[in-house]
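# Secondary and tertiary structure notes
The chain contents come next:
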Amino acid sequence: MGNTLVKSQLEDVASYLGKTVQILEAYLNDTTLGCLMSEKNGNEEYYRGLLSSIRKLCVYCEESLDACKIVLKNEPFNKAAAERVLYRVYHQCIEEFFAPKSDLWFEDSRSAYTGRNCIKFRDEAPASLKDVIKNLESDMQKMREDLEYYETDYKTKMVQSN
């Protein structure tokens, strides 16, 4: 891929990440475990895990956004560094969104074909939390589609360089 295409992708990803961080921070700043329990009385441990997973996703997105900004600010533009950042965004932010390590929610791949939201929760979750995930889903899906190239290309380059 050419420098301008990679730079353009990095700018788009930085924009998506900026929106994502804003949404997650706003939610996390206003939400406590007590808020979730009063919104919908449910499994406290599950709610604790949901908040933890969202905090982790927020941190990954913040770190990736910072990395995007650094690479975009550097002159001359470093294509290799940009590709590493995009690869990291794919593996940390996007994969953590669609398949968190905590396994508290998952992607129903069949839903993606129907146009419905594809994130399903393992247990009952409060509406406010579901709304945050739904709000992020389309941008995450767009980023995933844009960055799937790095899933295979970057790995191939790394194997070939060894």
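For the structure, see preceding data.
Residues numbered from 1 in each chain as written. Predicted model: local features only at pLDDT ≥ 70, side-chain atom pairs only at ≥ 80, totals over all residues. Heavy atoms only, no water.

## Examining the nonpolar core
To be explicit about the condition: In this text, buried Ala, Val, Leu, Ile, Met, Phe, Trp, Tyr and Cys residues form a nonpolar core when linked through side-chain atoms within 4.5 Å. Relative accessible area decides the class of each residue, using a 1.4 Å probe on protein chains only: under 20% of the type maximum gives buried, over 50% gives exposed, and in between gives partly exposed. Where helices and strands are cited, they refer to DSSP runs of H or I of at least four residues and of E of at least two residues respectively, numbered from the N terminus.
Residues L10, L17, L50, V89 and F121 are the most contacted members of the largest nonpolar core, which totals 53 residues. Those elements that place two or more of their residues in this core are helix 1 (3–30), helix 2 (33–39), helix 3 (44–73), helix 4 (79–98), strand 2 (119–121) and helix 6 (127–161). Take this core: its biggest share by element is 14 residues, from helix 3.

## A few points about unusual backbone geometry
Along the chain, E75 connects to P76 via a cis peptide bond; the corresponding omega equals -5 degrees. Not every positive phi belongs to a glycine, and D103 is a case in point at roughly 60 degrees. In this fold, D103 is placed in the loop between helix 4 and strand 1 (105–107).

## Some thoughts on the environment of I23
Let me state the cut-off plainly: Here, two residues are considered to be in contact whenever any of their heavy atoms come within 4.5 Å of each other.
Mapped onto the fold, I23 is located in helix 1. The exposure class of I23 is partly exposed, given its relative accessible area of 25%. Expressed as a C-alpha distance, the spacing of I23 and C58, which sit 35 residues apart in the sequence, is 9.1 Å. Not counting chain neighbours up to four residues away, the residues in contact with I23 comprise V132, N135 and L136.

## Examining the packing of helix 1 against helix 4
Inclusion rule: Note on method: axes are straight lines fitted to C-alpha atoms, helices fitted across the in-contact stretch only, with angles between N-to-C directions ranging 0 to 180 degrees. Should the near helix be turned anticlockwise from the far one by less than a right angle, the crossing is left-handed, and should it be turned clockwise, the crossing is right-handed. Three classes are used, and their members are as follows: Ala, Val, Leu, Ile, Met, Phe, Trp, Tyr, Cys and Pro are nonpolar, Asp, Glu, Lys and Arg are charged, and the others, Gly among them, are polar.
Interhelical geometry of helix 1 versus helix 4 gives an angle of 40 degrees and a closest axis separation of 10 Å. In this structure, helix 1 meets helix 4 at a crossing whose hand is left-handed. On helix 4, the residues that touch N3, V6, Q9, L10, V13 and L17 of helix 1 are K79, A82, E83, V85, L86, V89 and C93. Split into classes, the residues belonging to the contact of helix 1 with helix 4 amount to 9 nonpolar, 2 polar and 2 charged.

## Notes on the pattern of salt bridges
The test is simple: In the sections that follow, a salt bridge refers to a side-chain nitrogen of Lys or Arg positioned within 4 Å of a carboxyl oxygen of Asp or Glu.
On inspection of all chains with the given rule, the structure shows 8 salt bridges. Taking the shortest distance from any N to any O, the salt bridge between D139 and K19 comes out at 2.9 Å. With D139 in helix 6 and K19 in helix 1, this pair connects stretches of sequence that are 120 residues apart. Judged by relative accessible area, D139 falls into the buried class, the value being 16%. Notably, a salt bridge pairs K40 with E124, separated by 3.6 Å at the nearest N-O pair. Taken as a pair, K40 in the loop between helix 2 and helix 3 and E124 in the loop between strand 2 and helix 6 lie far apart in primary sequence, 84 residues in all. E124 gets classed as partly exposed once you look at its relative accessible area, which sits at 46%. Ionic contacts of the salt-bridge type, sharing partners, join the residues E44, E45 and R48 into one network.

## Description of the environment of A82
Tracing the sequence through the fold places A82 in helix 4. Residue A82 is classed as buried on the basis of its relative accessible area, which comes to 0%. In this structure, the C-alpha to C-alpha distance between A82 and K7, residues 75 residues apart in sequence, is 7.3 Å. Once residues within four sequence positions are removed from consideration, A82 is found in contact with V6, L10, V71 and F77.

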